[in-house]
Each structure stands twice: as structure tokens, then as C-alpha cells.
Amino acid sequence: MALPQVNKVKQDATDARLAGMEMPDGAAWITEARTEAVNRVQAMGLPHARDEYWKFTKPASLVQPEPEAAALFHNDEGPLWDDLDRLKVVFVDGVFDAEASDDLAGEGLEIERLADVATKDIHWAKDLYGQLEAGEHGYTPRPLAALNTAFATDGVVIRVSGKVSKPVNLIYLHKSETSDAILHHCVKVEEGAEVTLLETGPAAARFNKVLEVDVADSAAFHHVRVQGRDHERRAVTGIFGRLGTESTFKSFTLTMNGVLTRNECVLELTGDDAVAHVAGACVGDGTDFHHDDTVFITHDAVNCESRQVFKKVLRNGAVGVFQGKILVKEDAQKTDGYQISQSLLLDEDAQFLAKPELEIYADDVACSHGSTSGAIDEEALYYLRSRGVPMQQATDLLVLAFLAEALDEIADDSLSEAIYARLEGWLERHAS
Amino acid sequence: MLEIKDLHVELEEEDKKILKGVNLTVEPGKVHAIMGPNGSGKSTLSYVLSGKDGYEVTGGQATLDGEDLLDMEAEERAAAGLFLAFQYPVEIPGVGNMTFLRTALNAQRKARGEEEMSAAEFLKVVRAKAKTLKIDADMLKRPVNVGFSGGEKKRNEILQMAMLEPKMCILDETDSGLDVDAMKLVSEGVNALRDEGRGFLVITHYQRLLDHIKPDVVHIMADGRIVKTGGPELALEVENNGYADILTEVA
């Protein structure tokens, strides 16, 4: 009778966590959303290692009432994209820092702090906050995201009405060794509008973040994220997106170490001819590195394209996980779905666990998925060395080449160049 | 320049002797050709000299200007001035041809304690050299050898040789997979690099290549040894009569 026991353990863990949490005050609409979210958490129970969905990643440190401490991260490389004209929004351990941030204003967009929005009796965010997170998304429970909706006090709420050229950069600083941050962002990109959202930094010792994005017809949302490098964080992040007709959603994430990182991305293509690209590049070195990309894309409209490209370079006991699913509903004809997850294992101690899935109910679709694990190409290495490139440099070149397909998903060169530079820096630091 | 003395080599994985006492000296400014039937050990010789893994040297030595090649890593041999033009150039998806060339060039310079070449100067030099080999801008931008035709790959090898300016060039069946025009182009590229300080070791099956790249000395290799050495006429003899006569003669 294992199951009831697990259920009991889950219930106890959930109760223990909820006991220490206090629902923030707010207007009626957000209190309702939060209350519903608490109910969902209680109904689902927080994740347990025995849950199918958490088979490859141990959720305990994300669930337990108190976070594990994490050493502060000293950024000796300076801010990323420092010379880029961008709207900076700074959070320190999950709390908005007005001093360090730019004025929350920009051409073509309205940007507000969630803490302020939550006090307003009437706000458009009512239709978005917790709504995408609560969606069915393929019948998979995501209780940590529901926990976020229930207890998040801070975040940004952005409404984009025009083509915004200046990116919004959410900068997450970590200044307390035991911080437990919950951030919830909502972005509504209105018809024909366009915006780029950047996220950088280590955030907190423990970080639970949800980003809900509603991309209206003919709108475009670009997202580039660089998670704090070599940081002891434990993070669970969830992106929940809904795509309208002819809309575009593109997201790229770079992860360079981190004790535990679970990045989920759940997208629903609800309008015809929508395009969704989700990519991730990750480099992991050491046994205290565990990175999990979990992606769920639902095609629920005609002639949509989705693309998942995830690349991981792992060594010294680092573990990489990919769980990716494409669900094509009955009426989603002419779907073009692509999913590739690959790992480059630099030694025999590294581990890559993959669970690619296709679930297709329409009969006129082109869907492909592939997952591979491999060692470095010895022939290529020899070729490079025979031209005078030293072993380490040759290996790094091949590592970058391996990651290139994921990095190519960043449309903007000015963003990707800096990311390449950070990667090169990381590889140098972690030279074997 | 290149001195090989009684070189014995086995495959690491299996107990198989490939080279059984190779002796060969290439002087600066000279072009030596090695011909020989399939399986005689010609390509193995080129791999062992350039530092490929998987071979065990069980005896003998190989030096470049007195430096022990066999004791060096592959990249050190390159920096010391050894270059192997591959029979099958390797495709490297994701690494741009230009990046590759510049990384290699500057890595060698750095290893030799020389100043690195600036991006601007590099661009100028590579463009000029590429032009003579009919390598267009697109080929320079594409990933190393990916989607290149057989001829393009070989031209790319010669471009690397021209950029790296090695002291000692080994060409491993550079003529394989080339049509007449491509062979001419590649040979011209090689001939342009001939100078009194540079040695060449040209491995080939056919006399044809040697019509374009005229050798000073021709060696016949069989069963892991150099069995006969002569002038350019030796290559013609092989072309006309095959290896059988020579092999019977030395047996």
C-alpha cells in the first residue's frame, strides 16, 4: 500500500509548507485568485520524488518550509548587456528595489509593480494573474506554480500596446544567504505589439518564479534569460504562455551551473499560424549541479509551428534533465512541431536523462523529436589540434559549436554576442 | 628537416604492426613523394607524425629540425611547423571556417611566443589567399568543411596550409576525389608555397598529382617500409607497370 503512504507524506509536506506562509493582503480579485491557487496546491499536494513528473529531479529542497542557504554570488564580470539601452527593473532577493531600478515607464508599454497592482480594485491583470498557470496544460499538476500564484507579493505586470524597441530587463540580485523569493510576472502583449523581456541574475537562495504571458493576435514576445552563474541557488521557474493568431513567442535560457534549476515552459498555441520557439543552453560542472528543462507545448490551432531546442554540456557528475512534450489536439492540422534535446557528456560521470514525448490527435501534421547523448567528437578534436589549437581551446570550441543551435534561437545579435562572451568566460573558469 | 629513423608503429586497440622500420629524411626545399599500394602504411605514417591517437610507437624516432615530434602533443607539432593536409578533412558543424583559421593561426603564434594577428590583418590576408584558391566569401563563413564538395574540402586544406605557413607539409592523398581542374588548382596552391625553407611529403597513389607537383625524390612504401627510393622516374615506372615489378624486385 505504497500510494496512500506517499499521499500522506505529500499531504504532510504540503501542510508544513503552507503553515509557514501567509497570504498577502490585496483587492478582492487577487485574493480570489490567490485563494483558488491555495486550493489547487492543497488538492494537488506539493511535488514528491515519487511523482512521475518529478522522476528525474528531487523536489524536496523546493518544497521544504525553509530554504537551504546559498552563498552570495560575486559578479566579477559586471552586469550583462551593460551598454544596451534597456529598462532596468531590479529585485533584491525577490523584492523590488525602486532605487536601483529605472522609472517604471516606457514608450508603448505600461509597467507596474505587482504589489501595487494587487491593491487596485479594478485592473486588467485580473484576467491574467494565475489564469494561465491554472490552465489545464495537459493534465499535469504544477503545484509549485500554484504556490507561487497564492503567495507572490512582488513581480511586474506589463501591458504592451506598441512595438517596443527598448527591452525590459528584470535583474535579480541575491544579497541574503537564506532568502526565499517568490516572484510573479504578468505580461500582456496586445494585438500587433512587440516586446523583449530579459532576465538576469541569481535571484535568491531559493527562487520560485512564474511568468504568465498572453500574446495577442499578430503580437510578438521575445524572451532571453541568463540564470545566475555558478550560484548555489535552488530554483523552480514556470513560464506559461498563450499564443493568439499569427503571434510569435521566442524564449531562450542560458544556465551555467546552479545547484538545482527546474525550468518549466508551458505554451498553448490557441490561434492559427502562431510560432513558438523555446530554447535552452546549459553548461554544468560538478556533482552539485542539476538542471531540468521541462517543456509542454499544446497545439490547439491550425498551421502553427513550435520548436524546442535544448542543449546541455555536462561533466564531473553534473546531471541534466529534459522532459519535453508536444501535444497536438484533434483540430490542430498542419502543425509543424520540432523538438531536439541533446547532451554532450564530457566524461563518464555526467548524466543526461531525457523524456521526449509526442501526443498527436490530428492526422495532417509534421512532428519530429530527437534526443541524443554523446561524447566529444574525437575526429574533430584531432583535426583542430593538428592545426595548432590546444586541447582545452579545441574542446571549448566544440562545446560552443554544440550549443550553437540553441544560441542561434536568439534573434538579436547584440544579445547573443554577450551571451557567447559569458559562456566563453565560464568555460575558461571551468577549464579541466 | 623531417627525419624519420627506424619507425615502428602498432595499432593501440589491436595487436597489429603497421609500420615496420620506416627511414626517411626530407630536406628543406625538397618535395618527397611516397607511393605504395593500399594498406602499405602511408596514411598511418602521416597520422603518427601529426599526433593522432590510437597508434603506439614501439620503436624508432621522428624529429623536425632536431625536435622530437613523437614526444609532442598534436598542437605542439603544429606550432613547431608540421602540417598535415587530410585525406578526409573533418566537418565541424557550428565552428565557422574563419573562426577556425584565426583561432589556429593565433594559437600557433602564441605557442611560438609571437604576436597574435589582428582581426583586420587576418581578414586581409585570408581574403587574398582564398581568392587564389577560388574560395569565396561564403565558404569562409560556413562551418568548417560542412557541405563542402570534395574539391572544396581539399582547397580548404591548402588554404589552411597557406595561412599557417608550416615548415613541413604532409599531403595525404590530396588528389583523391579531385577532378582535373580541382587538382590543378590545388597543385598550384601547393606549388605557390614551395620555397627553399619548406619541405613537402606528398602521399599519393597516382603519378597524375606528381605531374603537377614535381617531386625531387620518390619513395615506394610497402608493408610498412620504404622499399625503394629514386627520382621522379620511379613514379612513372609505377604508373606504367604498377607496383608488382618493384615489389618482386625488392622481395
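Small disclaimer: the values here were computed from a predicted structure and weren't measured.

Draft legend 1. Focus on the overall build of chain A. Each helix and strand counted, chain A has nine helices and 19 strands in total. In terms of overall dimensions, chain A is globule-like: its C-alpha atoms have a radius of gyration of 21 Å, near the 22 Å expected for 432 residues. Its C-alpha atoms give chain A principal-axis dimensions of roughly 70 × 50 × 45 Å. Scored against the burial criterion, the 432 residues of chain A give a buried share of 59%. Side-chain charges of chain A comprise 40 positive and 73 negative groups, with the mean position of each set lying 3 Å from the other.

Draft legend 2. Looking closely at the sheet that holds strand β18 (residues 351-360) of chain A. All names here are of chain A. Pairing in this open sheet of nine strands is mixed, and the strands run β3-β4-β6-β8-β10-β12-β14-β16-β18 from one edge to the other. On the outer flanks of this sheet lie β3 (109-113) and β18, each paired with one strand and no other. Across this sheet, the average inter-strand angle for adjacent strands is 5°, counted without regard to direction. Of the strand pairs in this sheet, strand β4 (residues 156-160) and strand β6 (residues 180-189) are connected by four bridges, and their pairing is parallel. Paired with Ile158 across the strands is Val187, a residue of β6. Sheet contacts for helix α6 (residues 143-151): β6, β8 (206-215) and β10 (234-243); angle to β8, the most-contacted strand, approximately 85°.

Draft legend 3. Spatial organisation of the interface of chain A and chain B. Counting residues at the interface gives 16 residues for chain A, matched by 30 residues for chain B. Of the roughly 1900 Å² buried between chain A and chain B on both sides combined, carbon and sulfur atoms contribute 63%. Contact with chain B buries surface across chain A, with Tyr382, Tyr383 and Arg387 of chain A losing the most and accounting together for 43% of the total. Between the two partners, chain A and chain B, sit four salt bridges. Between Arg385 of chain A and Glu75 of chain B there is a salt bridge, and its shortest N-O distance comes to 2.6 Å. Across the chain A-chain B interface, the total number found is 12 residue pairs in polar contact (both at pLDDT 80 or more). Every element with two or more residues in the side of chain A that touches chain B is listed here: α7 (378-386) and α8 (391-407) of chain A.

Draft legend 4. Broad picture of the layout of surface pockets. Size it by volume and the largest pocket reaches roughly 1200 Å³. Every residue lining the largest pocket is counted, 36 residues in all, and those nearest its centre are Leu397, Leu400 and Glu424 of chain A together with Thr99 and Thr103 of chain B. For the lining of the largest pocket, the secondary-structure elements that each account for two or more residues are α8 and α9 (413-429) of chain A together with β7 (92-96), α3 (97-111) and α5 (137-141) of chain B. Ranked by residue count, the leading element in the lining of the largest pocket is α3 of chain B, at nine residues. Each residue belonging to the lining of the largest pocket can be placed in one class, and the counts come to 17 nonpolar, nine polar and 10 charged. The computed volume of the second largest pocket comes to approximately 440 Å³. What lines the second largest pocket is a set of 24 residues, among which Asn75, Pro79, Leu173, Gly201 and Pro202 of chain A lie closest to the centre. A total of four residues in the lining of the second largest pocket trace back to one element, the largest contributor, which is strand β5 (residues 168-173) of chain A.

Draft legend 5. Representation of the packing of aromatic side chains in the model. What the rule picks out here adds up to 10 aromatic pairs over all chains. Taking the centre distance of 5.9 Å and the plane angle of 65° together, the rings of Phe91 of chain A and Phe96 of chain A count as edge-to-face. Note on accessibility: Phe91 of chain A and Phe96 of chain A belong to one class, buried. The interplanar angle of 25° and the centroid separation of 6.3 Å between the aromatic rings of Tyr47 of chain B and Tyr55 of chain B together place this pair among those described as stacked. A relative accessible area of 15% means that Tyr47 of chain B is categorised as buried. By way of ring pairs, the aromatic residues Tyr382 and Tyr383 of chain A together with Tyr47, Tyr55, Phe86 and Phe100 of chain B are connected into one cluster. The ring of Tyr47 of chain B carries the charged tip of Lys52 of chain B above its face, separated from the ring centre by 4.4 Å.

Draft legend 6. Helix α6 (residues 150-164) of chain B, seen in detail. Residue and element names in this part refer to chain B. Taking 1.5 Å of rise per residue, 15 residues should cover 21 Å, and α6 covers 21 Å from first to last C-alpha, within 8% of that figure. When you tally the buried positions in α6, you get 14 out of 15 residues, the bulk of the element. Directly after α6, the chain includes Glu165, whose backbone phi takes a positive value near 45°.

Draft legend 7. Region of the structure containing the pattern of salt bridges. Counted by the stated rule, this structure contains 47 salt bridges over all chains. Linking Lys188 of chain A and Asp214 of chain A is a salt bridge whose minimum nitrogen-to-oxygen distance equals 3.9 Å. With Lys188 of chain A in strand β6 and Asp214 of chain A in strand β8, this pair connects stretches of sequence that are 26 residues apart. Its salt-bridge partner being Lys184 of chain B, residue Glu188 of chain B comes within 3.7 Å of it at the nearest N-O pair. Here Lys184 of chain B and Glu188 of chain B lie together in helix α7 (residues 180-193), a separation of four residues that amounts to about one turn.

Draft legend 8. How the structure looks around a negative patch on the surface. Taken together, the side chains of Asp377 and Glu378 of chain A together with Glu12, Glu13, Glu14, Asp15, Asp53 and Glu56 of chain B make up a negatively charged region of the molecular surface. For Glu13 of chain B, the position within the fold is in the loop between β1 (2-11) and β2 (16-26). Looking at Glu13 of chain B, the relative accessible area reads 78%, which means it is exposed.

Draft legend 9. Layout of unusual backbone geometry. Residue and element names in this part refer to chain A. You will see that Asp230, though not glycine, has its phi angle at about 45°, which is positive. The backbone phi angle of Glu246 is positive, close to 55°, even though this residue is not glycine. For Glu246, the position within the fold is in the loop between β10 and β11 (248-256).

Draft legend 10. A look at the pairing of β8 of chain A. Residue and element names in this part refer to chain A. Of all 10 residues in β8, 10 are buried, a share of seventy percent or more. Strand direction decides the pairing type here: β6 and β8, joined by 10 bridges, are parallel. Residue pairing across strands places Val189 opposite Val215, the latter belonging to β8.

Draft legend 11. Geometry of the sheet that holds β2 of chain B. Residues and elements named next belong to chain B. Pairing in this open sheet of four strands is antiparallel, and the strands run β2-β1-β4-β5 from one edge to the other. Of all the strands in the sheet, the pair left with one neighbour each is β2 and β5 (67-68). Contacts from helix α1 (residues 42-50) reach β1, β2 and β4 (55-64), with the element oriented near 105° to β1.

Draft legend 12. Focus on the side chain of Glu264 of chain A. Within the fold, Glu264 of chain A resides in strand β12 (residues 260-269). A distance of 2.8 Å separates the side chain of Glu264 of chain A from the side chain of Arg142 of chain A, its partner in a polar contact.

Draft legend 13. Summary view of the packing of α3 of chain B against helix α4 (residues 119-132) of chain B. All names here are of chain B. At a closest axis distance of 11 Å, the pairing of α3 and α4 adopts a crossing angle of 115°. Judged by the angle between their axes, α3 and α4 are roughly perpendicular. The way α3 lies across α4 gives a crossing that is right-handed. Contact residues: Met98, Leu101, Arg102 and Leu105 in α3; Ala119, Phe122, Leu123 and Val126 in α4. Looking at the contact of α3 with α4 residue by residue, the class counts come to seven nonpolar, no polar and one charged.

Each value, and the rule that gives it
Residues numbered from 1 in each chain as written. Chains lettered and ligands numbered in written order. Predicted model: local features only at pLDDT ≥ 70, side-chain atom pairs only at ≥ 80, totals over all residues. Heavy atoms only, no water. Helix = DSSP H or I, 4+ residues; strand = E, 2+ residues; numbered from the N terminus. Rg over C-alpha atoms; globule rule 2.2 N^0.38 Å. Buried < 20%, exposed > 50% of the residue type's maximum accessible area, 1.4 Å probe, protein only. Lys, Arg positive; Asp, Glu negative; His and termini not counted. Charge placed at Lys NZ, Arg CZ, Asp CG, Glu CD. Pairing = 2+ DSSP bridges. Axes fitted to C-alpha atoms, helices over the stretch in contact; angles between N-to-C directions. Contact = heavy atoms within 4.5 Å. Buried area = accessible area lost by both parts, 1.4 Å probe. Salt bridge = Lys/Arg side-chain N within 4 Å of Asp/Glu carboxyl O. Polar contact = N/O pair within 3.5 Å; in protein donor to acceptor, adjacent residues only side chain to side chain. 1 Å grid on protein atoms, 1.4 Å probe; cavity = no way out; pocket = protein on both sides within 12 Å on 5 of 7 lines; lining within 4 Å. Points joined across faces, edges and corners; volume = space filled by probe spheres on them. Nonpolar A, V, L, I, M, F, W, Y, C, P; charged D, E, K, R; others polar. Phe/Tyr/Trp six-rings, centres within 6.5 Å; stacked < 30°, edge-to-face > 60°. Lys NZ or Arg CZ within 6 Å of the ring centre and 35° of its normal. Expected span 1.5 Å × (residues − 1). Patch = residues over 30% accessible without salt bridge, like charges linked within 9 Å, V, L, I, M, F, W, Y side chains within 5 Å. Areas by Shrake-Rupley, 256 points an atom, 1.4 Å probe, with all protein chains shown as cover. Parallel < 35°, antiparallel > 145°, perpendicular 65-115°, else oblique. Left-handed = near helix turned anticlockwise from the far one by under 90°.

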